[in-house]
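Summary of the model geometry
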Amino acid sequence: MRKKIAAANWKMNLNMSDALQLTHDVMKGFNAVARNCEIILAPSFPYLSYIAGLTKENNSIHVAAQDCSAHSHGAYTGEVSAQQLKSAGATHVILGHSERRTYHHEQSEILYEKIKQALSHNLKIIFCCGETLQQRNSEKHFATVTQQLEETVFKLDPKELSQVIIAYEPVWAIGTGINATAAQAQEMHQCIRKETRNKFGNEADHLPILYGGSCNEKNAAELFAQPDIDGGLIGGASLKTESFLAIADALG
Ligand code: PGA
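The present account deals with the structure reproduced in this document. (Residues numbered from 1 in each chain as written. Predicted model: local features only at pLDDT ≥ 70, side-chain atom pairs only at ≥ 80, totals over all residues. Heavy atoms only, no water.)

The number of helices and strands found in the protein is 11 helices and 8 strands. Here the C-alpha radius of gyration of the protein, 17 Å, is about what a compact globule of 252 residues would show, namely 18 Å. Expressed as lengths along the three principal axes of its C-alpha atoms, the size of the protein is roughly 45 × 45 × 35 Å. Residue burial in the protein is summarised as follows: out of 252 residues, 53% are buried. Taking as baseline every contact in the protein between residues at least 6 positions apart, the subset at least 24 positions apart corresponds to 71%. Summing over all exposed atoms, the protein offers an accessible surface of approximately 11700 Å²; the carbon and sulfur share of this is 50%. In the protein, the 23 positive side-chain charges and the 27 negative ones have mean positions that sit 2 Å from each other. (Helix = DSSP H or I, 4+ residues; strand = E, 2+ residues; numbered from the N terminus. Rg over C-alpha atoms; globule rule 2.2 N^0.38 Å. Buried < 20%, exposed > 50% of the residue type's maximum accessible area, 1.4 Å probe, protein only. Contact = heavy atoms within 4.5 Å. Areas by Shrake-Rupley, 256 points an atom, 1.4 Å probe, with all protein chains shown as cover. Lys, Arg positive; Asp, Glu negative; His and termini not counted. Charge placed at Lys NZ, Arg CZ, Asp CG, Glu CD.)

Set out below in structure tokens:
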């Protein structure tokens, strides 16, 4: 059975003491005992090693970076390498988030380089994909998402794929308060799983596929009840302990 996952993408929010307090409160409130689920916290780079230290003893709580460099090391001022993230205690890295694609013009080619870097340093990947509203309105949403995957994670081998979590995040739903309906999300997740099965056979059954985009404590239960939705990548609602814990509770 696939693990259920609630991943918190804190983006460029919280100062150091708030981030540590939130981590502490989430750890205190999250009871994973006898539940097949886990939490991933994605703070800003400077807090990673502190949060990794706090959560180290808890097997159900992991720490993700929000990006990594496509380069292994060297003269890339301001960049952070996968190896550095690993050495700071990160276990996962988010790649391909729509905000990186939009504001930093990241496309499949560079994302594939980042994926390779992350994998070579034993970081698991939360790989984001999703269509714009315009693409959905012109019926190109399935083709868009399939292409995003074909140019990146579908180029991996099955062993590498086992280190990947997909996050379907329709761009029009991120931070807008307008989530995809459970039916819309399930339809896309099913499509992603079907395409994965075409390439990787039964590996597809083990691939966690998260939904992201205005997921909150009110809509999480219905979204997570869908057969191909294995949890969520949560932005805004992950910044408050009660909201995030309620979402984690909805994992079932
Ligand atoms: P949101 O963000 O939950 O605030 O819509 C999700 C994300 O960008 O990962």
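Read on, since the account is not over.
What follows covers unusual backbone geometry. Positive phi outside glycine occurs at Leu14, with the angle close to 75°. Looking at the secondary structure, you find Leu14 in the loop between strand S1 (4-9) and helix H1 (16-29). In this structure, Glu139 takes a positive phi of about 60° despite not being glycine. With respect to the helices and strands, the residue Glu139 is situated in the loop between helix H6 (133-137) and helix H7 (141-150).

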